[in-house]
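# Report on the structure
The primary structure of each chain is shown beneath.
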Amino acid sequence: MNQTVRNSLSSVAKRMPLIPFALALLASCGCGRTNVVSIDGSSTVFLLSAAIAEEFNEVNPDVKVVVSQAGTGGGFKKFAAGEIHICDASRPITEAEAAACKKNGIDFIKLEVAFDGLAVVVNPANDWCDSITTEQLKTIWRAEAATSVMKWSDVNPDWPDVELELYGPGTDSGTYDYFTEVINGEAKSSRQDYSPSESDNALVQGVAGDKGSLGYFGLGYYAANTDKLKLLPVDSGNGPVTPTAETVRNGSYKPLARPLYVYVRKDALENPGVVKYLRYYLAETNKVSPQVGYVPVTDEIMKQNVETLDAAVPQAVAAK
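Overview of the structure. The structure displayed is predicted, hence computed values, not measured ones.

## Considering the packing of helix 6 (residues 134-141) against helix 7 (residues 174-184)
- Orientation of helix 6 relative to helix 7, taken along the N-to-C sense of each, is 115°, at an axis distance of 9 Å. Considering the angle they form, helix 6 stands roughly perpendicular to helix 7. The crossing of helix 6 and helix 7 is left-handed. Counting all contacts with helix 6, which are made through Thr 134, Leu 137, Lys 138 and Trp 141, the residues of helix 7 involved are Phe 179, Ile 183 and Asn 184.
- Of the residues contributing to the contact of helix 6 with helix 7, the split by class is 4 nonpolar, 2 polar and 1 charged.

Encoded structure:
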């Protein structure tokens, strides 16, 4: 990750969780920036959207993009209520969430902006586990494990009797939904005696501070903290595979590779600032994605993104 993007992410990460959206909105209006673009949702996609917003805000003083990270589920709740223009999402919208949008008269478009691999990580002091199978992950994370899998030796008798301390996304996270579905077989089915957080930075700190820890989150957060974490290759039946740009894009890092999205309210596209930001986003995302640990989309997907956006932008706005 280049230093400019790293500094931008650090600045945004420190600032945004502490500033409620309303205060950020007032602050931006007070600076003469009345055209505010509001984004919330996935903490995974936050890395990408925040980095692009930081660049965009520097060269577009007439528009202020405010990015928060309530988790995919939390973002969709605000999106359906009409509280934000754009929802970052690390999974597709659910039928219930789409129904909530329809009930409130909110139409939307979906843009596929990057690919991500979920990183399974342990503390660097862990010298007994160098890879992990999907079956072992299920043994650890299934709901029933809360009463039977308390130590590393409960997963593999060759591993030591070290307390297993778990860290993972909160229940509003799309990463939580995706991981539990592909590992445990059912979305949201998981043991609950772990340390949850909607902030992936908090999860990084948890794993980094505990020798017996294991956690999972978006690959971008591992990429930004390689000195604090040990990445585990994952074996789904054909041998351990390490998440890289190539294995995520070609699907060999399965089942923990996935696309990332932004959902946009169609009525928000009447705002020239929203359109301006989204066009900048699509122009920059394939450049920024690798810098924050993600994999660029294909030219075909990007072409479809541009066509989808152009078709949804009102003619009056497109002419500006």
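Still more to cover.
## Topic: the packing of aromatic side chains
- Under the criterion given, the structure shown has 14 aromatic pairs.
- Ring centres of Phe 108 and Tyr 263 lie 5.7 Å apart, and the angle between their planes is 65°; this geometry places the pair in the edge-to-face category. On the criterion of sequence distance, the pair formed by Phe 108 in strand 4 (residues 108-122) and Tyr 263 in strand 12 (residues 257-265) is long-range, its members being 155 residues apart.
- Among the aromatic residues, ring-to-ring pairing joins Phe 76, Phe 79, Phe 108, Tyr 261 and Tyr 263 into one connected group.

## Topic: the environment of Val 234
- Topologically, Val 234 is positioned in strand 10 (residues 234-235).
- Owing to a relative accessible area of 2%, Val 234 belongs among the buried residues under this scheme.
- Setting aside its immediate chain neighbours within four residues, Val 234 contacts Val 120, Ile 132, Thr 134, Leu 137, Gly 239, Pro 240, Val 241, Tyr 253 and Leu 256.

## A look at helix 12 (residues 299-312)
- The first and last C-alpha atoms of helix 12 sit 20 Å apart over 14 residues, in line with the 20 Å expected at 1.5 Å per residue.
- When helix 12 is considered as a whole, its buried residues turn out to be Ile 301, Met 302, Asn 305, Leu 309 and Ala 312. Taken down its axis, helix 12 places every buried residue within 100° of arc, on the same side. Exposed residues on helix 12 whose side chains face more than 90 degrees from its buried face are Asp 299, Glu 300, Lys 303 and Ala 311.
- Where helix 12 is buried, its residues contact strand 4 and helix 11 (272-288).

## Brief notes about the environment of Ala 81
- Tracing the sequence through the fold places Ala 81 in the loop between helix 4 (72-80) and strand 3 (86-89).
- Owing to a relative accessible area of 46%, Ala 81 belongs among the partly exposed residues under this scheme.
- Through-space distance from the C-alpha of Ala 81 to that of Ile 106 is 8.5 Å; in sequence the pair is 25 residues apart.
- Excluding residues within four positions of it along the chain, Ala 81 makes contact with Asn 104 and Ile 106.

## Brief notes about the sheet that holds strand 10
- Taken in spatial order, the 3 strands of this open sheet run 5-10-11, and their pairing is mixed. Edge positions in the sheet fall to strand 5 (132-133) and strand 11 (240-241), since each has one partner strand and no second.
- Pairing of strand 10 with strand 11, which is carried by 2 bridges, proceeds in the antiparallel orientation. Counted as the bridge partner of Val 234 is Val 241 from strand 11.

Thresholds, definitions, all that
- Residues numbered from 1 in each chain as written.
- Predicted model: local features only at pLDDT ≥ 70, side-chain atom pairs only at ≥ 80, totals over all residues.
- Heavy atoms only, no water.
- Axes fitted to C-alpha atoms, helices over the stretch in contact; angles between N-to-C directions.
- Helix = DSSP H or I, 4+ residues; strand = E, 2+ residues; numbered from the N terminus.
- Parallel < 35°, antiparallel > 145°, perpendicular 65-115°, else oblique.
- Left-handed = near helix turned anticlockwise from the far one by under 90°.
- Contact = heavy atoms within 4.5 Å.
- Nonpolar A, V, L, I, M, F, W, Y, C, P; charged D, E, K, R; others polar.
- Phe/Tyr/Trp six-rings, centres within 6.5 Å; stacked < 30°, edge-to-face > 60°.
- Buried < 20%, exposed > 50% of the residue type's maximum accessible area, 1.4 Å probe, protein only.
- Expected span 1.5 Å × (residues − 1).
- Arc of directions from axis to C-beta.
- Pairing = 2+ DSSP bridges.

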